[in-house]
Amino acid sequence: MFPQYQSATKSVSISEDTIAPRIEVYCAQMPLLPRTYVTENPLIEVRVFDSSLLPITSVDKLVVFLNGQRIRQGISQEFEFLPTDDALRQYPDPEIRAVLRFRFPMEVGENLLI
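Here is a short report on the structure shown in this document. Just so it is clear, the model here is predicted, and its values are computed rather than measured. (Residues numbered from 1 in each chain as written. Predicted model: local features only at pLDDT ≥ 70, side-chain atom pairs only at ≥ 80, totals over all residues. Heavy atoms only, no water.)

From N to C terminus, the protein includes 1 helix and 7 strands. Helices and strands appear in the protein in the N-to-C order β-β-β-β-β-β-α-β. For a compact globule of 114 residues, the expected C-alpha radius of gyration is about 13 Å, and the protein comes in at 20 Å, more than 25% above that figure. Taken over the C-alpha atoms alone, the protein extends approximately 75 × 30 × 25 Å along its principal axes. Classification of the 114 residues of the protein by burial places 30% in the buried group. Put simply, the protein shows about 8700 Å² of open surface, and 55% of that area lies on carbon and sulfur atoms. For the protein, the distance from the average site of its 11 positive side-chain charges to the average site of its 15 negative ones is 3 Å. (Helix = DSSP H or I, 4+ residues; strand = E, 2+ residues; numbered from the N terminus. Rg over C-alpha atoms; globule rule 2.2 N^0.38 Å. Buried < 20%, exposed > 50% of the residue type's maximum accessible area, 1.4 Å probe, protein only. Areas by Shrake-Rupley, 256 points an atom, 1.4 Å probe, with all protein chains shown as cover. Lys, Arg positive; Asp, Glu negative; His and termini not counted. Charge placed at Lys NZ, Arg CZ, Asp CG, Glu CD.)

A few words on the nonpolar core. In summary, soluble globular proteins display a tendency toward joint burial of nonpolar side chains. Ranked by size, the top nonpolar core spans 17 residues in total, and within it Ile 44, Val 46, Leu 66, Ile 71, Phe 81, Leu 100 and Phe 102 carry the most contacts. Secondary structure elements with two or more residues in this core: strand S1 (22-27), strand S3 (43-49), strand S6 (77-82) and strand S7 (96-103). Within the second largest apolar cluster, 6 residues are counted, among which are Phe 49, Leu 82, Ala 87 and Tyr 91. (Core = buried A, V, L, I, M, F, W, Y, C linked by side-chain atoms within 4.5 Å.)

What the 5 strands build is an open sheet, ordered S2-S1-S3-S7-S6; its pairing is antiparallel. Of all the strands in the sheet, the pair left with one neighbour each is strand S2 (30-31) and S6. (Pairing = 2+ DSSP bridges.)

Moving on: a nonpolar patch on the surface. Together, Val 63, Phe 65, Leu 112 and Ile 114 make up an exposed nonpolar region whose accessible area comes to about 370 Å². Structurally, Leu 112 can be placed in the segment after S7. Residue Leu 112 is classed as exposed on the basis of its relative accessible area of 52%. (Patch = residues over 30% accessible without salt bridge, like charges linked within 9 Å, V, L, I, M, F, W, Y side chains within 5 Å. Salt bridge = Lys/Arg side-chain N within 4 Å of Asp/Glu carboxyl O.)

A few words now on the side chain of Arg 47. Locating Arg 47 in the fold gives a position in strand S3. With relative accessibility at 15%, the residue Arg 47 sits in the buried group. Side chain to side chain, Arg 47 and Glu 45 meet in a polar contact 2.5 Å long. (Polar contact = N/O pair within 3.5 Å; in protein donor to acceptor, adjacent residues only side chain to side chain.)

Attention now goes to the environment of Glu 24. Tracing the backbone shows Glu 24 in strand S1. Note: C-alpha distance between Glu 24 and Val 46 (22 residues apart in sequence) is 5.8 Å. The contacts of Glu 24, once residues within four sequence positions are left out, are Glu 45, Val 46, Arg 47 and Phe 49. Polar side-chain contacts of Glu 24 include one of 2.9 Å to the side chain of Tyr 26. (Contact = heavy atoms within 4.5 Å.)

With that settled, the discussion passes to the side chain of Thr 84. Structurally, Thr 84 is set in helix H1 (residues 84-90). You can call Thr 84 buried: its relative accessible area is 5%. The residues touching Thr 84, leaving out its near neighbours within four places in the chain, are Pro 55, Ile 56, Ile 96 and Arg 97.

Pasting the structure below:
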């Protein structure tokens, strides 16, 4: 009936994300720094922050290894994943995108968290 009103246009700008996400690791609610001493089975928390507004909604998007073992539910104790919406409710930083909490036995000596 009115063909001139049956279309719409919108400009979209695409740019590269050049700012890497920030990752913070805590053991027993204390920041984990290089050469930090921890207990043999600490509660570890990995927090991911990013200026991108894209949410992290799946635990499959957050991959953590401890001493070569991928941390997943069933492999570690007290495993808990907080997607973006839940993480934002728990932490005041608007850039938080996800949180992963778990317990996993540490080896005596140096341990590698990736």
